[in-house]
Every structure is written in structure tokens, then in C-alpha cells.
Amino acid sequence: MTILDTIVAHKRTEVAARKAATTDAALAARIAVASPPRGFRAALDAKPGHALIAEIKKASPSKGLIRADFDPPAHARAYQAGGAACLSVLTDERFFQGADDYLVQARAAVSIPVIRKDFMVDPWQAAESRALGADAILLIVAALDDATLAKIEVAAIDHGMDVLVEVHDEVELDRALKLRSRLIGCNNRDLRDFSVDVARSYRLKTLAPADCTFVAESGLTTRSDLDAMADHGVHCFLIGEALMRQQDVEAATRMLIGQTER
Ligand SMILES: O=C(O)c1ccccc1NCC(=O)[C@H](O)[C@H](O)COP(=O)(O)O
């Protein structure tokens, strides 16, 4: 079993328990009063220069604890002040020490859109994500069959959210392009063995259609990493660890992405 298999198996059990603990009517009532979606992809496309999805990430399976003095609303404000286009908030508890409430707190602290970073296995989670206030969800192609991907995507779109479809090779990109979303993330981290290869993004960017918003994810740490991506036509980035390890998150964010043009 890979770590992704382990996470997905756990998530199926967790989601079954969550579904059993609430009614459709209760979930619908929460969605009815949720703040409207903010337009996740549009915020990336509108950003001049390097467009950053800044991740609020306490811990990970590959690195263990990343940030001891973890403070989601403070990190959210720092990321926005530093120039991030969007936020990503990990809500998985078991493997990332995340929480639903971190998303709620972070989104309430800023005006930029927020993606719920979790492991989607069931269309019900799209509704749950919207009830939490998410503006977008992540779909990991490696974790699901085509039919399930399509069902979750439709549920997310029906709730007005964007969908970041994550791939890590050419076969997964072909599968992703059967979906409606044209927001594609290339994860440079292989979720089976944790190895990181930023050249994955260089390669897949050349294969992605021009109408896609293409996001390079994972393993990016320095301004020169982002400038090298831009030389390959990649302008959108999802970064967690490198920023979460900085004492001054706002200054580090500004240093990473400031003063750039496309
Ligand atoms: O980060 C991990 O160890 C990990 C392990 C298994 C599945 C997913 C994992 N990470 C999720 C992510 O996609 C990253 O948090 C995100 O791309 C940011 O990466 P980084 O900048 O390297 O923290």
C-alpha cells in the first residue's frame, strides 16, 4: 500500500461516519447561509506575475510537524498581506493535523478565495466543503476512477466552486482533461514515495491545452524556483512547507513572489 492508498482508505471510513452523523437537510441549511464562492481560478488568472496559492499546513506525512506555533487566521492574514492570490487549507486530521475549523477561521480572516485541501472520495464532500465556506476543492486523479472524479466535480460545480484537478504524469493529465475543469495542478511530489521532481511541471505544462490554468504544486522553496517555472510558462504555484517554516510569513511571501510581471 502507498501512503495515498492508506489515506484514501481511511478517508472512505471517515466520510461514511460523517455522512451518517448529519442529514441532507442540515447540510443544505448550512450551505444556504454560507458566504458565496469567491472565484478561485479567476483570482489566479487575474494576478499579475507569480500567482501564489499559499498553503496553511501544520504537518505532513513526509515531513511530520512543520509549524509548532500554528495559527490559521494569523497565517491567512500574513499570506494575503504578502500578496498571495489564494489560500489552501489542509483539513485532513489524521495525516496532516488539519481541521475543518482551520478553513473556517482562515477564510473569515481574509478576502481571497480558499481551497479545501483534503482527499475527496465522495460527492457528499463537495457539499460539506461548501458548507464550510470553501471556494474550491482538490481532486486527485491518482486516487479515483474517472466516474467518481466526474461525479465529485459536478457536485462541486453545482455548488459554485472551482475544482483543482491534480495530476502527476501524462496518463493522469489525459484523464484530467476528460473533466470540465480547466484548472490543472501538477504535483511535483510523487504521493507513492514522496520523491519531488519539479521537472514534472515543466513537462506537463507543455502538454496542457492553452485554455488551462496550470499550477505547479509541491517542493518549491525559492524565488529562483518560481522564476525557473516562469521560464517554462508556469505562473501559478501552490506552496506550503517553505512558507510555513518562516517566522515572518508575510515577509517571506512578499520576498518569494513580489515585483513580478507575466
Ligand atoms: O506533503 C505531503 O507529505 C503529502 C503526502 C501525501 C499526500 C499529499 C501530500 N501533500 C499535499 C500537497 O499537495 C502539498 O501540501 C502541497 O502541494 C504543498 O507542498 P509543499 O510546498 O511541498 O509543502
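What counts and what doesn't
Residues numbered from 1 in each chain as written. Predicted model: local features only at pLDDT ≥ 70, side-chain atom pairs only at ≥ 80, totals over all residues. UniProt positions renumbered as here; feature names shortened; annotations may be inferred. Helix = DSSP H or I, 4+ residues; strand = E, 2+ residues; numbered from the N terminus. Contact = placed C-beta atoms within 7 Å. Near = placed C-beta within 6 Å. Nonpolar A, V, L, I, M, F, W, Y, C, P; charged D, E, K, R; others polar. Core = buried A, V, L, I, M, F, W, Y, C linked by C-beta atoms within 7 Å. Buried ≥ 20, exposed ≤ 12 C-beta atoms within 10 Å, placed from the backbone. Axes fitted to C-alpha atoms, helices over the stretch in contact; angles between N-to-C directions. Parallel < 35°, antiparallel > 145°, perpendicular 65-115°, else oblique. Left-handed = near helix turned anticlockwise from the far one by under 90°. Pairing = 2+ DSSP bridges. Right-handed = clockwise from strand over helix to strand, strands pointing away.

Taking an unreviewed UniProt entry as the reference, the protein is identified by name as Indole-3-glycerol phosphate synthase belonging to Sphingomonas mollis. Looking at the protein in UniProt, the text filed under Sequence similarities (unreviewed entry) is "Belongs to the TrpC family." Comment text from UniProt for the protein, heading Catalytic activity (unreviewed entry), reads "1-(2-carboxyphenylamino)-1-deoxy-D-ribulose 5-phosphate + H(+) = (1S,2R)-1-C-(indol-3-yl)glycerol 3-phosphate + CO2 + H2O".

(A) Just the environment of arginine 67, in detail. Structurally, arginine 67 is set in the loop between β3 (64–65) and α4 (72–82). Setting aside residues no more than four positions away along its own chain, arginine 67 makes contact with Lys58 and Met244.

(B) Up close: the site of the ligand. Residues in close proximity to the ligand total 17 residues, the closest being Ser60, Ser62, Ser218, Gly240 and Glu241. When its residues are assigned to classes, the shell around the ligand shows seven nonpolar, six polar and four charged.

(C) Here's a closer look at the nonpolar core. Grouped together as the largest cluster of nonpolar side chains are 75 residues, with contacts concentrated most on Cys86, Leu87, Ile137 and Phe237. Not counting chain neighbours up to four residues away, the residues in contact with isoleucine 137 comprise Ile115, Arg116, Met120, Ala126, Ser129, Ala156, Met161 and Val163.

(D) Broad picture of the UniProt feature "domain: Indole-3-glycerol phosphate synthase" (unreviewed entry) in the protein. In this structure's numbering, the residues bearing the UniProt feature "domain: Indole-3-glycerol phosphate synthase" (unreviewed entry) are residues 4–256. Helix and strand shares over residues 4–256 are 44% and 17% respectively, and the end C-alpha atoms of the span are 29 Å apart.

(E) Fine view of the packing of helix α2 (residues 24–32) against helix α6 (residues 124–132). Axis separation between α2 and α6 bottoms out at 8 Å; the angle between their running directions is 40 degrees. Comparing the axis directions of α2 and α6 gives the class oblique. Crossing of α2 over α6 shows left-handed handedness. Of α6, the residues touching α2 (which contributes Leu27, Arg30 and Ile31) are Ala127, Glu128, Arg130 and Ala131. Split by residue class, the contact of α2 with α6 holds four nonpolar, no polar and three charged.

(F) Inspection of the pairing of strand β7 (residues 162–167) at higher detail. With respect to burial, β7 is a largely interior element, six of its six residues being buried. The alternating pattern of β7 places Asp162, Leu164 and Glu166 on one face and Val163, Val165 and Val167 on the opposite face, and all of these are buried. Judged from the five bridges that link them, strand β6 (residues 136–140) and β7 form a sheet pairing that is parallel. Across the sheet, the residue bridging to leucine 138 is leucine 164, located in β7. Bridge count for β7 against strand β8 (residues 183–187) is three bridges, and the pairing is parallel. Each residue of the ladder has a partner; that of valine 165, found in β8, is isoleucine 184. Once the chain exits β7 it traverses helix α8 (residues 170–176) before rejoining the sheet at β8, and the crossover so formed is right-handed.

(G) Representation of the sheet that holds strand β9 (residues 213–217) within the structure. Taken together, eight strands build a closed barrel; the order of strands is β1-β4-β5-β6-β7-β8-β9-β10 and the barrel is parallel. Neighbouring strand axes in the sheet, compared pairwise and without regard to direction, differ in orientation by 25 degrees on average. In terms of strand pairing, β9 meets strand β10 (residues 236–239) through three bridges, oriented parallel. In the sheet register, alanine 216 faces β10, and the bridge partner there is phenylalanine 237.

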